[in-house]
Amino acid sequence: MTVHFIGAGPGAADLITLRGHRLIASSPVCLYAGSLVPAELLDACPPGARKIDTANLNLDEIIAEMVAAHRSGVDVARLHSGDPSVFSAVAEQMRRLDTAGIPYDVTPGVPAFAAAAASLGREFTVPEVAQTVILTRTAERATAMPPGEDLATLSVSRATMVLHLAVQRIGAVVDELLPEYGADCPVAVVARASRPDELIIRGTLADIAAKVEDSGVRRTAVIVVGAALTAAQFPDSHLYSTTRCR
């Protein structure tokens, strides 16, 4: 058997890879976070599949389900919102599975930041404006950030920054970014990206906190900061330049 870690995408049920959908359809056990993974994906489970919402389970309980499936010789589809490579908590599950000798693989998914870029209709890397994207979060209600990864340090580059799990403390985020990015720096908050109830809030570091507070958005949102959000005057990329060497 194999535990298949599957990126279930940012929220829209059709934003999942063909491989991910096929693995769900062939796995007799499906573990999913009910609060984040679209319920429609469970329709792909085979008849009689064991479907387990992990929203209220701890790590030991989740691993116990995988161990039980291993003993029964049946595959597990482990659905994670977005893409498993960032802020997914798969690392500790993999570590436990390594210890238990249980095989696993990973199927990537559409990450929240990519869905946000699509909804905003923007490219986060714009020639001579921003060529780096920082994906980060804050330490509020989560594990501590490693040394050197605080927002004040990361903001020195003025790169496009995408903050996950931080909208609840938008005021503090603004305070930390203001010294380097400046009050007129464009900001967008995308809540529930790709879902029918998606909400986009646009502003600058000067006014975004008030707008978010007024909107009532408190979770399932990313904060995007940087000049790429509104850049209009920039050179064409070298990739399609008529003057580049061929």
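Reading the values: the criteria
Residues numbered from 1 in each chain as written. Predicted model: local features only at pLDDT ≥ 70, side-chain atom pairs only at ≥ 80, totals over all residues. Heavy atoms only, no water. Helix = DSSP H or I, 4+ residues; strand = E, 2+ residues; numbered from the N terminus. Buried < 20%, exposed > 50% of the residue type's maximum accessible area, 1.4 Å probe, protein only. Contact = heavy atoms within 4.5 Å. Areas by Shrake-Rupley, 256 points an atom, 1.4 Å probe, with all protein chains shown as cover. Lys, Arg positive; Asp, Glu negative; His and termini not counted. Charge placed at Lys NZ, Arg CZ, Asp CG, Glu CD. Core = buried A, V, L, I, M, F, W, Y, C linked by side-chain atoms within 4.5 Å.

Section: the overall build of the protein chain
For step 1, the next point in the chain: Scanning the protein chain from terminus to terminus reveals 7 helices and 10 strands.
For step 2, the next point in the chain: In terms of overall dimensions, the protein chain has C-alpha extents of about 60 × 50 × 35 Å along its principal axes.
For step 3, the next point in the chain: Sorting the 246 residues of the protein chain into buried and exposed places 43% on the buried side.
For step 4, the next point in the chain: In the protein chain, the proportion of contacts linking residues at least 24 apart, taken out of those at least 6 apart, comes to 67%.
For step 5, the next point in the chain: For the protein chain, the exposed area adds up to about 12600 Å²; of that, 52% sits on carbon and sulfur atoms.
For step 6, the next point in the chain: Taken together, the 21 basic and 27 acidic charged side chains of the protein chain have centroids lying 3 Å from each other.

Examining unusual backbone geometry
For step 1, the next point in the chain: Of note in the backbone geometry, Ala89 takes a positive phi value of approximately 65° without being a glycine.
For step 2, the next point in the chain: Considering the arrangement of structural elements, one finds Ala89 in the loop between β4 (76–80) and α3 (90–100).
For step 3, the next point in the chain: One non-glycine residue, Arg158, lies in the positive phi region at around 55°.
For step 4, the next point in the chain: Summarising the element assignment, Arg158 is placed in the loop between α5 (151–154) and β7 (160–164).
For step 5, the next point in the chain: For Arg158, a relative accessible area of 40% puts it in the partly exposed group.

Observations regarding the nonpolar core
Within soluble globular proteins, side chains that are nonpolar tend to cluster in buried spots.
For step 1, the next point in the chain: Met161, Leu163, Leu177, Val189, Ile208, Ile223 and Val225 are the most contacted members of the largest nonpolar core, which has 25 residues in total.
For step 2, the next point in the chain: Those elements that provide at least two residues to this core are α5, β7, α6 (170–181), β8 (186–191), α7 (208–215) and β10 (221–225).
For step 3, the next point in the chain: Among the elements that line this core, the one with the most residues is α6, at 5 residues.
For step 4, the next point in the chain: For Leu177, the contacting residues outside a window of four places in its chain are Leu151, Ser155, Met161, Leu163, Gly182, Leu205 and Val225.

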